[in-house]
Amino acid sequence: MKVIVITGASSGIGLSIAQHLSQKGHSVYGISRSKIHEKNVKSIQADVTDYNQLKEAYQGIFEIEGRIDVLINNAGMGISGTIEDTSSEDAAYIFNVNFMGVFNSTKAALPYLRESDYGKVLNISSVAARLSIPFQAFYSSSKAAVNSFSEALANEVAPLKIQVCSIMPGDIRTGFTKNRKKNEIESPEYNGRVDLSVAVMEKDERNGMDPESAAKVVNRLVRKRRIPLYKTVGFKYKVIVLLAKLLPAKLANHIVGSIYAFKKGK
Ligand SMILES: NC(=O)c1ccc[n+]([C@@H]2O[C@H](COP(=O)([O-])OP(=O)(O)OC[C@H]3O[C@@H](n4cnc5c(N)ncnc54)[C@H](OP(=O)(O)O)[C@@H]3O)[C@@H](O)[C@H]2O)c1
């Protein structure tokens, strides 16, 4: 039985991971702003943008359990729109949730992860960290920052017997699609291409994998003695990530553009 903390466990991928791992008999604590109504998942209401709230929450878990074995940084959100029409506030906010949230949570948990013989930090990144999606620049870059953070962290904490993995899911059917903040402002020069592009992404998400597919991957990473630094979720997305590595960067980026950005607008 492991003591597991999951941020963003009130819906979607986080809820599915929490359900899956609690069914396997682990002691699971879920963190989110809203209450988690799930038997066997202990709900703690906290905002990942607030380090002090997480510090207090993780200290409370440590007082009960004596350790934290696995931290799953999953809380996240999306924003769409052109770069030039995005407000500084929106750009800062998504970084505050998707990147600073991972930092706040990891910093707060490390003293307790050290008490485990088994410490693991699993960061939920995205395939968009590797292939940046036009009109979702801030989402893609916040996830690329999570990958970079995971690499540095892995080397810092390896001697402390803590392992790190950045998990990159492809499209998954969750509330993420409806929770995406859409920038209503679009300069006329873009000819309505934002809506066309986001519609492609939304269709892919609605037809995406079941969140259970990510939960199964996470369960395997929890069980494994040695874990990889990166794990992509979904066969199709593994091929895409491999191609992105093999193709010249400009060509790979152009292919992404032709899927999402070059549609004829108005
Ligand atoms: N769905 C996909 O296709 C996909 C693909 C790749 C990666 N991902 C990543 O997977 C993760 C989970 O996304 P999802 O698809 O499951 O979306 P979701 O259904 O919208 O769930 C997001 C979760 O994050 C929590 N959250 C958001 N802001 C928070 C904050 N400031 N403090 C604490 N919790 C917060 C939400 O809870 P509250 O609102 O109650 O706080 C909710 O539990 C995200 O990091 C996302 O980027 C998703």
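Residues numbered from 1 in each chain as written. Predicted model: local features only at pLDDT ≥ 70, side-chain atom pairs only at ≥ 80, totals over all residues. Heavy atoms only, no water.

Not every one of the 29 residues close to the ligand is listed here, only the nearest: Arg33, Ser34, Asn74, Tyr139 and Thr174. Contact between the ligand and Val48: a nitrogen atom at 3.0 Å from a main-chain N or O atom of the residue. Its free accessible area being 880 Å², the ligand has 94% of it covered by the protein chains. Secondary structure elements with two or more residues in the shell around the ligand: helix H1 (12-23), helix H4 (137-157) and helix H5 (176-179). Class assignment of the residues belonging to the shell around the ligand gives a composition of 11 nonpolar, 14 polar and four charged. (Near = heavy atom within 4 Å. Polar contact = N/O pair within 3.5 Å; in protein donor to acceptor, adjacent residues only side chain to side chain. Areas by Shrake-Rupley, 256 points an atom, 1.4 Å probe, with all protein chains shown as cover. Helix = DSSP H or I, 4+ residues; strand = E, 2+ residues; numbered from the N terminus. Nonpolar A, V, L, I, M, F, W, Y, C, P; charged D, E, K, R; others polar.)

This next bit is on the environment of Tyr237. Checked against the element boundaries, Tyr237 lands in helix H8 (residues 235-246). Taking the C-alpha atoms as reference points, Tyr237 and Lys107, 130 residues apart in sequence, are found 30 Å from one another. Excluding residues that lie within four positions of it along the chain, Tyr237 makes contacts with Val127, Gly170, Asp171, Met209 and Thr232. (Contact = heavy atoms within 4.5 Å.)

Applying the stated criterion across every chain, the model contains five salt bridges. Of the charged contacts, one joins Arg67 and Asp69 as a salt bridge, the two residues approaching to 3.0 Å between their closest N and O atoms. Take Arg67: its relative accessible area is 24%, and that puts it in the partly exposed class. On the basis of relative accessibility, which here comes to 3%, the residue Asp69 falls in the buried class. (Salt bridge = Lys/Arg side-chain N within 4 Å of Asp/Glu carboxyl O. Buried < 20%, exposed > 50% of the residue type's maximum accessible area, 1.4 Å probe, protein only.)

On to the packing of helix H2 (residues 51-65) against helix H3 (residues 88-113). Remark: H2 packs on H3, axes separated minimally by 9 Å, with the N-to-C direction vectors making an angle of 30°. In terms of axis orientation, H2 runs roughly parallel to H3. Here the hand of the crossing between H2 and H3 comes out right-handed. For the pair formed by H2 and H3, the contact residues are Tyr51, Leu54, Lys55, Tyr58, Gln59 and Phe62 on the first element and Gly101, Asn104, Ser105, Lys107, Ala108, Ala109 and Tyr112 on the second. A per-class count over the contact of H2 with H3 returns seven nonpolar, four polar and two charged. (Axes fitted to C-alpha atoms, helices over the stretch in contact; angles between N-to-C directions. Parallel < 35°, antiparallel > 145°, perpendicular 65-115°, else oblique. Left-handed = near helix turned anticlockwise from the far one by under 90°.)

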